[in-house]
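# Remarks on the overall topology
Chain by chain, the residues:
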Amino acid sequence: MAAVVAKFTSKSKLFVIALSTQCQQSRSFVSRLAEVGKLEIPRPEAAKYVTGQLFLHRVFGYRGVILFPWQARVYDRDAQNLESTSYAGQEVKSKTHTYYQVLIDSRDSPYIRAQTEAVTFLGNQENSRSLYAIPGLDYVSHDDIHPYHTTEKRPLVHELFDRFLIPTEEGSVTQFTSRETLRAWQEKNHPWLELSDVHKETTEGIRVTVIPFYMGSREAQSTHVYWWRYCIRLENLGEESAQLRERHWRIFSLSGTLETVRGRGVIGQEPLLTKSQSAFQYSSHVSLQAPSGHMWGTFRMERQDGYTFDCKIPPFSLESKEDPSSANPPIFA
């Protein structure tokens, strides 16, 4: 087995990765340090990062590279509660925040507590409900970016890295700029890639962030079926550990139906959120026989002493869009 650990030196800001590998015969661990690059000073959000910026994810610790930004409307119920003592029944106001479409280094993917196939799309077969996933794509908040630079010509391992980016020399530092392939890919797949709304809410120190995406529609048995994916991140902001035991969803469709979904854990797991491993991220999908709807719910969390509580999942809208090319799969060539 192996683990990836980020380490920093306080003076030179040197960023290195510690790789711990276990020898099956001796059952001993051997660690080695590999220099990756040097950290840069994080930018304020007004000074956005550009295509080709290498970074370390502040929460999940993986290495990545920025492809392009999205401007999202963030509906933060925690901020709303701080601003008003009479929140009940009030509309939550949004604030604009920058997120980035990024590639994840495939060497780090097995060791992070986040699904690395969170970006999915519909198949283009007639009447098909097939879902396909693109590995190693993620959406990252500006606040989670810790930039660094390197002298390596290929510092990140991902099948799309060389197709999307080209190295340029700037002194002793290697920079990366976008190829025409990346620009064409972004334009072609904009409808199903676009990030527009982010929803946040915290219950007893557990923050839940939801990002919904419209995926398109299909006709099945003379009925249109509309598909969405949603990405959920749970983060423990407190000192006490908590484990996700159950999920409880309420799904309302514009057709007038209200569905209740209960089950153990999420995606077959019951993640434990501790101080050292405080976050977990996953994606799932939902379909409706109507062009819009709403979802909300709770996660049943359990503390180490057996105390349980319901962590709120913030309500979010499921809104459809025009599907000019949603039936086509992503183009990489």
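Residues numbered from 1 in each chain as written. Predicted model: local features only at pLDDT ≥ 70, side-chain atom pairs only at ≥ 80, totals over all residues. Heavy atoms only, no water.

### A look at the overall build of the protein
Within the protein, the regular secondary structure consists of 4 helices and 21 strands. If you sum the accessible surface of the protein, you get close to 16800 Å²; carbon and sulfur atoms cover 48% of it. (Helix = DSSP H or I, 4+ residues; strand = E, 2+ residues; numbered from the N terminus. Areas by Shrake-Rupley, 256 points an atom, 1.4 Å probe, with all protein chains shown as cover.)

### Details of the pattern of salt bridges
Proximity of charged atoms lets side chains of opposite charge pair with each other. The full count for this structure, using the stated rule, is 17 salt bridges. Its salt-bridge partner being R233, residue D144 comes within 2.8 Å of it at the nearest N-O pair. Of the two residues, D144 sits in the loop between β9 (137-141) and β10 (145-149) while R233 sits in strand β15 (residues 223-236), which places them 89 residues apart along the sequence. For the pair D144 and R233, one class covers both residues: buried. Close ionic contact of K321 with E194 constitutes a salt bridge, the shortest N to O distance being 3.0 Å. Here the residue K321 occupies a position in the segment after β21 (308-319), and E194 occupies one in the loop between α4 (190-193) and β13 (197-203), the gap between them amounting to 127 residues. Its relative accessible area of 34% is what places K321 among the partly exposed residues. (Salt bridge = Lys/Arg side-chain N within 4 Å of Asp/Glu carboxyl O. Buried < 20%, exposed > 50% of the residue type's maximum accessible area, 1.4 Å probe, protein only.)

### Side note on the packing of aromatic side chains
All chains considered together, the criterion is met by 14 aromatic pairs. Between F280 and Y282, the ring centres sit 6.3 Å apart and the planes meet at 35 degrees, which makes this aromatic pair tilted. Put simply, the rings of F68, W70, F164 and W185 touch in pairs and so form one group of aromatic residues. Above the ring of F213, the side-chain terminus of R229 is found at 4.2 Å from the ring centroid. (Phe/Tyr/Trp six-rings, centres within 6.5 Å; stacked < 30°, edge-to-face > 60°. Lys NZ or Arg CZ within 6 Å of the ring centre and 35° of its normal.)

### Focus: the environment of G205
Tracing the backbone through its elements, the reader meets G205 in the loop between β13 and β14 (206-220). Note on G205: relative accessible area 21%, which makes it partly exposed. For G205 and E240, which are 35 residues apart along the polypeptide, the C-alpha to C-alpha distance reads 8.8 Å. Residues in contact with G205, not counting those within four places in the same chain, are E235, N236, L237 and G238. (Contact = heavy atoms within 4.5 Å.)

### Points about the pairing of β14
Within β14, 13 of the 15 residues are buried, which leaves it mostly tucked inside the rest of the structure. Bridge count for β13 against β14 is 5 bridges, and the pairing is antiparallel. Across the sheet, residue T203 finds its bridge partner in β14, namely I206. What sits between β13 and β14 in their antiparallel hairpin is a turn of 2 residues, with E204 showing a positive phi close to 50 degrees. Note: β14 against β15, 14 bridges, orientation antiparallel. Of the residues in β15, the one forming a bridge with S217 is Y226. With antiparallel pairing between neighbouring strands as the criterion, β14 and β15 make up a hairpin whose turn holds 2 residues, including Q221 at a positive phi of roughly 50 degrees. (Pairing = 2+ DSSP bridges.)

### Here we look at the environment of S278
In this fold, S278 is placed in the loop between β18 (272-273) and β19 (279-288). Through-space distance from the C-alpha of S278 to that of L237 is 7.4 Å; in sequence the pair is 41 residues apart. Filtering out sequence-adjacent residues up to four positions away, S278 remains in contact with L234, E235, N236 and L273.

### Observations concerning the layout of surface pockets
Here the second largest pocket defines a volume of roughly 310 Å³. In terms of lining residues, the second largest pocket is bounded by 19 residues, among which Y99, S141, D144, K200 and R233 are the most central. At the level of elements, β9, β14 and β15 are the ones that each hand at least two residues to the lining of the second largest pocket. Among the residues making up the lining of the second largest pocket, the classes are represented as 7 nonpolar, 4 polar and 8 charged. (1 Å grid on protein atoms, 1.4 Å probe; cavity = no way out; pocket = protein on both sides within 12 Å on 5 of 7 lines; lining within 4 Å. Points joined across faces, edges and corners; volume = space filled by probe spheres on them. Nonpolar A, V, L, I, M, F, W, Y, C, P; charged D, E, K, R; others polar.)

### A few points about the side chain of T98
In this fold, T98 is placed in strand β6 (residues 94-104). Those residues within four positions of T98 in sequence are excluded, and the remaining contacts are E45, K48, P69, W70, Q71, V140, S141 and H142.

### Focus: the confidence of the model for the protein
Counting all residues, the mean pLDDT for the protein is 84, and 79% of those residues have values of 70 or more. Confidence drops under pLDDT 50 across residues 1-5; counting only partners more than four residues distant or on other chains, this segment forms 18 contacts. Note that pLDDT drops below 50 for residues 84-88; the model gives that stretch 5 contacts with residues more than four away or on any other chain. (pLDDT = per-residue confidence, 0-100.)

### Remarks on the nonpolar core
Judged by nonpolar contacts, the single largest core of 30 residues is most densely connected at L67, W185 and L195. At the level of elements, β3 (29-39), β5 (63-76), β6, β9, α2 (161-164), α3 (180-188), α4 and β14 are the ones that each hand at least two residues to this core. Looking at which element gives the most residues to this core, the answer is β5, with 6 residues. Setting aside anything within four residues of it in sequence, one finds L67 in contact with T51, Q101, V102, L103, L137, F164, L182 and W185. Counting residues in hydrophobic clusters, the runner-up holds 27 residues, among them I251, F280, V286 and M301. (Core = buried A, V, L, I, M, F, W, Y, C linked by side-chain atoms within 4.5 Å.)

### A few points about a nonpolar patch on the surface
A surface patch of nonpolar side chains, amounting to about 250 Å² of accessible area, comprises F252, L258 and W296. By secondary structure assignment, the location of W296 is in strand β20 (residues 292-303). (Patch = residues over 30% accessible without salt bridge, like charges linked within 9 Å, V, L, I, M, F, W, Y side chains within 5 Å.)

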